[in-house]
There are 2 protein chains.
Amino acid sequence: MQTQDPLTATFAALADPTRRAMLARLTQGPATVNELAEPFALTLPTVSRHLKVLEQAGLISKQRSAQSRPCTLEIAPLVEADAWMAQYREFFTTRFDRLDTQLKAMMAARADAAKPSRGDQ
Amino acid sequence: MQTQDPLTATFAALADPTRRAMLARLTQGPATVNELAEPFALTLPTVSRHLKVLEQAGLISKQRSAQSRPCTLEIAPLVEADAWMAQYREFFTTRFDRLDTQLKAMMAARADAAKPSRGDQ
DNA sequence: ACATTATTTGCGCTATCGCGTAATTACATG
DNA sequence: CATGTAATTACGCGATAGCGCAAATAATGT
């Protein structure tokens, strides 16, 4: 896993349903590797590797508590991804506005078509 | 590319700097495959395949205008990804609040440490 | 019909991903 | 120190990703 830019690492980490489910679980609070593995039909090594991907993306951190290593959700990469999305939020609100305008124009045209027997008042 | 759930397809599509750059370009308005290829040191077939990934994720659509196929940014998958993120937005605002509280507590403790030569007033 | 421009498809290559099994490290406890 | 529990690393496998090159398709202009 060649070092890549943070956004790429974040999106790559999120591009897997198992990993997203793990993050969802971690919103409930920290959990050990075993606990995180429990809902899945996957072996522990596989789960461990998924967690490593999340960790390297900065999406989780691992503490050490006795034999277990509880994982905690880390928000920084999500904030960054969110900031990236924001760039498009503006775009798509204007897009929606335009759609809205178009829609209104269409409805107006339809209304006109419905009662065409009128002058411009 | 086995059919997968939309979020996975979206995040996978976003997990590539080239594809993200293409989306950024498309916020400026539609562009042809050639135009989208121009900034990159990539062959056209490669660019075409990147665009196919974006299209299959629903992030762009292709029109046909004469010989060229202008691509347009489509927002639906971004809205969906945004909705997924929102689930965490709430989490990380509470997280920040907690951090904030902790920080204030720490600073208060420091202030106390700075002037310990005082009774409880 | 023929040449031109725009884009995609087929093929082969190397690299990475996701998975399991087996072996290994790191702690804790009898 | 031996045993058990938690987690990781090593190794190999089949599938997929990303790339270029060459060939094919699509639409247009001559």
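Note that the structure is predicted; figures quoted are calculated from it, not measured.

Focus on the interface of chain B and chain A
Where interface size is quoted, it is often the accessible area lost as the parts come together.
Reasoning step 1: On the chain A side, the residues contacting the 29 residues of chain B number 29 residues.
Reasoning step 2: Carbon and sulfur atoms make up 74% of the surface buried where chain B meets chain A, a total of about 2,700 Å² over both sides.
Reasoning step 3: Area buried by chain B at its contact with chain A is led by R20, I75 and Y88 of chain B, which between them contribute 21% of it.
Reasoning step 4: Run the count over chain B and chain A and you get 4 salt bridges.
Reasoning step 5: Of the charged contacts, one joins R20 of chain B and D5 of chain A as a salt bridge, the two residues approaching to 3.0 Å between their closest N and O atoms.
Reasoning step 6: At the surface where chain B touches chain A, the tally comes to 8 residue pairs in polar contact (both at pLDDT 80 or more).
Reasoning step 7: Contributing elements (two or more residues each) for the side of chain B that touches chain A: α1 (6-14), α2 (17-26), β2 (71-73) and α5 (76-114) of chain B.
Reasoning step 8: By residue number, the principal contributor to the side of chain B that touches chain A is α5 of chain B, which donates 13 residues.
Reasoning step 9: Partitioning the side of chain B that touches chain A into residue classes produces 20 nonpolar, 4 polar and 5 charged.

Things to note about the packing of aromatic side chains
Reasoning step 1: As enumerated under the stated definition, the model contains 5 aromatic pairs over all chains in all.
Reasoning step 2: When the ring of F11 of chain A is compared with that of F11 of chain B, the centres are 6.0 Å apart and the planes differ by 25°; the resulting orientation is stacked. With one member in each of two chains, F11 of chain A in helix α1 (residues 6-14) and F11 of chain B in helix α1 form a pair that bridges those chains. Taken individually, F11 of chain A and F11 of chain B each receive the classification buried, so the pair is uniform in this respect.
Reasoning step 3: The interplanar angle of 45° and the centroid separation of 4.7 Å between the aromatic rings of W84 of chain A and Y88 of chain A together place this pair among those described as tilted. Placement of both W84 of chain A and Y88 of chain A in helix α5 (residues 76-114) is noted, with a separation of 4 residues, approximately one turn of the helix.
Reasoning step 4: Relative accessible area serves as the criterion here: at 10%, W84 of chain A is assigned to the buried category.
Reasoning step 5: Taken together, the aromatic side chains of F11, W84 and Y88 of chain A together with F11, W84 and Y88 of chain B make up a single cluster linked through ring pairs.

What counts and how
- Residues numbered from 1 in each chain as written.
- Chains lettered and ligands numbered in written order.
- Predicted model: local features only at pLDDT ≥ 70, side-chain atom pairs only at ≥ 80, totals over all residues.
- Heavy atoms only, no water.
- Contact = heavy atoms within 4.5 Å.
- Buried area = accessible area lost by both parts, 1.4 Å probe.
- Salt bridge = Lys/Arg side-chain N within 4 Å of Asp/Glu carboxyl O.
- Polar contact = N/O pair within 3.5 Å; in protein donor to acceptor, adjacent residues only side chain to side chain.
- Helix = DSSP H or I, 4+ residues; strand = E, 2+ residues; numbered from the N terminus.
- Nonpolar A, V, L, I, M, F, W, Y, C, P; charged D, E, K, R; others polar.
- Phe/Tyr/Trp six-rings, centres within 6.5 Å; stacked < 30°, edge-to-face > 60°.
- Buried < 20%, exposed > 50% of the residue type's maximum accessible area, 1.4 Å probe, protein only.

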